[in-house]
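If you want the building blocks of each chain, they are given just below.
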Amino acid sequence: MNRRGRPVNLVVVSNRVARGKPNEPMTGGLAAALLPVVEHSGAIWVGSSGRVRDGHQKEPFAEIEALGSGAIATLDLPAAHYGGYYEGFANSALWPALHSRSDLIRVSREDYVSYREVNAFMARALMRFRKVKTAFWVQDYHFLALGAELRDLGVDDPIGFFLHTPWPVAAVMQGVPNHRELITAMLAYDLLGFQTEADCQSFLGYAGGELGLVVEDGVVLSQHGRTRCEVFPIGIDAEKFAAYAAKSASHPDVSRLRRSLNGERLAIGVDRLDYSKGLVNRISAFDRLWTDQPQFARSISLLQIANPSRGGIEAYGNLQNEVARLVTDVNGRHGEVDWTPIRYLNKGFSQAVLAGLYRTAQIGVVTPLHDGMNLVAKEYVAAQNPADPGVLVLSKFAGAANELDTALLVNPHDVDGMARAIAVAAAMPLTERKMRWEAMMKTLRGHTIQQWSSDFVAELEKCRTEKVAAAPLAQPPQALRWLKSAISGVRLI
């Protein structure tokens, strides 16, 4: 439902979907964030099933099941292109570039072909969900070109896109092969949403500087017409997460953790095992704390949950080995027969259990090197006991730092500074902890996930109306079917 109360058939698209079972591990922040949107809006959420099949079926096959008042539809993606699309171009070119790690870009021409083919495959699959007053809302870097593919199929409905990662400066984005063609395709969207103003301005700078397009008041004018670029910081359902935390005290995992602490303070970090999360520097900061301030030995320990992902990519395998060696080294030097400084777990937990673990920890450590938002920071705050809240130590390079400015903000590249901040958090008096926590909770309650989604969808409809009104009588050229006429010998699905 949009702001004016007219029903909209909302189709949400992402690479992964989640089923909304609070006792099952989450696959990532994006999936957890979209759950309440779909459950309460009646949207259809379309994404990958996690399986692949050959390309001989005439139409993409979707399995559909209910999710609250909405539904999820999962697709088997084409086997011939899935590897190049996912581990190839999406996560070995786009992900490192979006996190300003051009040195980690490893990609082939065939990977880009596969990325575009999967975007085209998804566009065809979405056509069966198109009804009167349909709006398509595409999520994240896996589908930068999906809007252009939908336009090529004749879709004139509102199509919006939200980027959950940062957007880098133009010089970094120029390191991505086919970047001009890809970002030109992005301009087929009516609305592009970003987490922060800095991300939005970086994109506009690329469009104006690299593509030479006219940029006026956040609107890019291209062959596709008008594309508005705006900031929509993603939120969480803070009250729901607080309720999880309050109810989770009796959960076996939570109660066992609490009993094992023996009065010591606990710091917690929860991340995917990814080089953007700053795990090596975080662990080094605790090592520095215990080395330089030995009074904190046995009085502060770290629970680090790091769920492995993208294991087929070399950079991730190297990181997993590096973090495991570092944890072993730090525990070997600082541990005692009855005390383990770092509890390191390579597995995921459900939101319900995570809420209890957050509430048990007196310090939340969220120190990514670069992050679009980081919902763990917001979840940690929401999970705290109002009478005795913990302290959030937060990287100033996470999008959440723009909103949670009463956290202890740190530079994740400054190991000594992070060690000092952890010590400050451990010694912070209750009065100050409550003051900081109350300010952050006020922000979370004022910027919920429900408001984020309703604001985006309302703005998307408005943008499409403006775009149609401003369009010239002569139809602009459709987005070309990219490389099809230029590439020979590649079988396209």
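Note that the coordinates shown come from a computational prediction; the quantities given were computed from them, not determined experimentally. (Residues numbered from 1 in each chain as written. Predicted model: local features only at pLDDT ≥ 70, side-chain atom pairs only at ≥ 80, totals over all residues. Heavy atoms only, no water.)

**Details of the environment of A31**
Put simply, the rule is: A run of H or I in DSSP counts as a helix once it spans at least four residues, and a run of E counts as a strand once it spans at least two, with each numbered from the N terminus. Here, residues are in contact when the closest pair of their heavy atoms is within 4.5 Å.
Summarising the element assignment, A31 is placed in helix α1 (residues 29–41). As for A31 and V17, which are separated by 14 residues in sequence, their C-alpha atoms are 5.7 Å apart. The contacts of A31, once residues within four sequence positions are left out, are A18 and W45.

**Regarding the sheet that holds strand β14 (residues 363–366)**
Pairing between the strands of a sheet comes from backbone hydrogen bonds, and it takes one of two forms, parallel or antiparallel. We count it as follows: A pair of strands is treated as paired once DSSP finds two or more bridges between them. Each axis is a line fitted through C-alpha atoms, taken for helices only over the stretch in contact, and angles between the N-to-C directions span 0 to 180 degrees.
Read across the sheet, six strands follow the order β13-β12-β11-β14-β15-β16 without closing on themselves; strand pairing throughout is parallel. Bordering the open sheet on either side are β13 (342–345) and β16 (408–410), each of which pairs with just one other strand. The sheet shows a mean angle of 20 degrees between the axes of neighbouring strands, taken without regard to direction. Pairing of strand β12 (residues 300–307) with β13 involves four bridges; the strand directions are parallel. Each bridged residue has a counterpart across the sheet, and for I305 the counterpart in β13 is L345. Contacts from helix α10 (residues 279–292) reach β11 (265–272), β12, β13 and β14, with the element oriented near 170 degrees to β12.

**Things to note about the side chain of D140**
Rule in force here: Categorising residues by exposure relies on relative accessible area from a 1.4 Å probe, with only protein chains included: less than 20% of the type maximum marks a residue as buried, more than 50% marks it as exposed, and the intermediate range marks it as partly exposed. We count Lys and Arg on the positive side and Asp and Glu on the negative side, and we leave His and both chain ends out. Any carboxyl oxygen of Asp or Glu that lies within 4 Å of a side-chain nitrogen of Lys or Arg is treated as forming a salt bridge with it.
Along the chain, D140 turns up in the loop between β5 (134–139) and α4 (146–152). Although buried, D140 forms no salt bridge, and the nearest oppositely charged side chain, R310, lies 7.0 Å from it. The contact partners of D140, leaving out residues within four places of it in the chain, are L30, F161, F162, L163, H164 and T165.

**Focus: the sheet that holds strand β2 (residues 44–53)**
An order of β3-β4-β2-β1-β5-β6-β7-β10-β9-β8 is seen for the 10 strands of this open sheet, with the pairing classed as mixed. This sheet does not close on itself; its edge strands, each paired only once, are β3 (62–67) and β8 (214–216). On average, adjacent strands in this sheet sit at an angle of 25 degrees to one another, irrespective of strand direction. As defined by bridge partners, strand β1 (residues 9–13) adjoins β5 across five bridges and the pair is classed as parallel. Across the sheet, V13 pairs through a bridge with V138, a residue of β5.

**Brief notes about the packing of aromatic side chains**
Selection criterion: Two rings from Phe, Tyr or Trp (for Trp, the six-membered ring) form a pair when their centres sit within 6.5 Å of each other. Planes less than 30 degrees apart are called stacked, planes more than 60 degrees apart edge-to-face, and all others tilted.
Overall, the coordinates contain 22 aromatic pairs when judged by the stated rule. With 4.8 Å between their ring centres and 45 degrees between their planes, W137 and W452 make a pair best called tilted. With W137 in strand β5 and W452 in helix α16 (residues 449–470), this pair connects stretches of sequence that are 315 residues apart. Exposure class is identical for W137 and W452. Each is buried. A centroid spacing of 5.7 Å and a plane angle of 45 degrees characterise the contact between F286 and W290, whose relative ring orientation is tilted.

**Digging into the packing of helix α8 (residues 238–247) against helix α12 (residues 351–360)**
Here is the rule: If an angle is under 35 degrees, it is roughly parallel; if it is over 145, roughly antiparallel; if it lies from 65 to 115, roughly perpendicular; otherwise it is oblique. Lys, Arg, Asp and Glu make up the charged group, whereas Ala, Val, Leu, Ile, Met, Phe, Trp, Tyr, Cys and Pro make up the nonpolar group; the residues left over, Gly among them, are polar.
Running from N to C, α8 and α12 point in directions that differ by 75 degrees, and their axes come no closer than 7 Å. Regarding the angle of α8 to α12, the classification is roughly perpendicular. Two secondary-structure elements touch here, α8 through F241, A242, Y244, A245 and A246 and α12 through Q351, A352, A355, G356, Y358 and R359. A class-by-class count of the residues in the contact of α8 with α12 yields eight nonpolar, two polar and one charged.

**A closer look at empty space enclosed by the protein**
Heads up, the condition is: Using only the protein atoms, space was sampled on a 1 Å grid; points where a 1.4 Å probe fits but cannot get out form cavities, open sets with protein on both sides within 12 Å along at least five of seven lines form pockets, and lining residues are those with an atom within 4 Å of a point. Grid points are joined across faces, edges and corners, and a volume is the space filled by probe spheres set on the points.
Counted by the stated rule, this structure contains three cavities of 30 Å³ or more. What lines the largest cavity is simply D190, V219, R226, T227, R228, C463, E466 and K467. Every element with two or more residues in the lining of the largest cavity is listed here: β10 (225–231) and α16. Its volume calculated, the second largest cavity comes out at about 40 Å³.

Any functional reading would require information beyond the geometric quantities listed.
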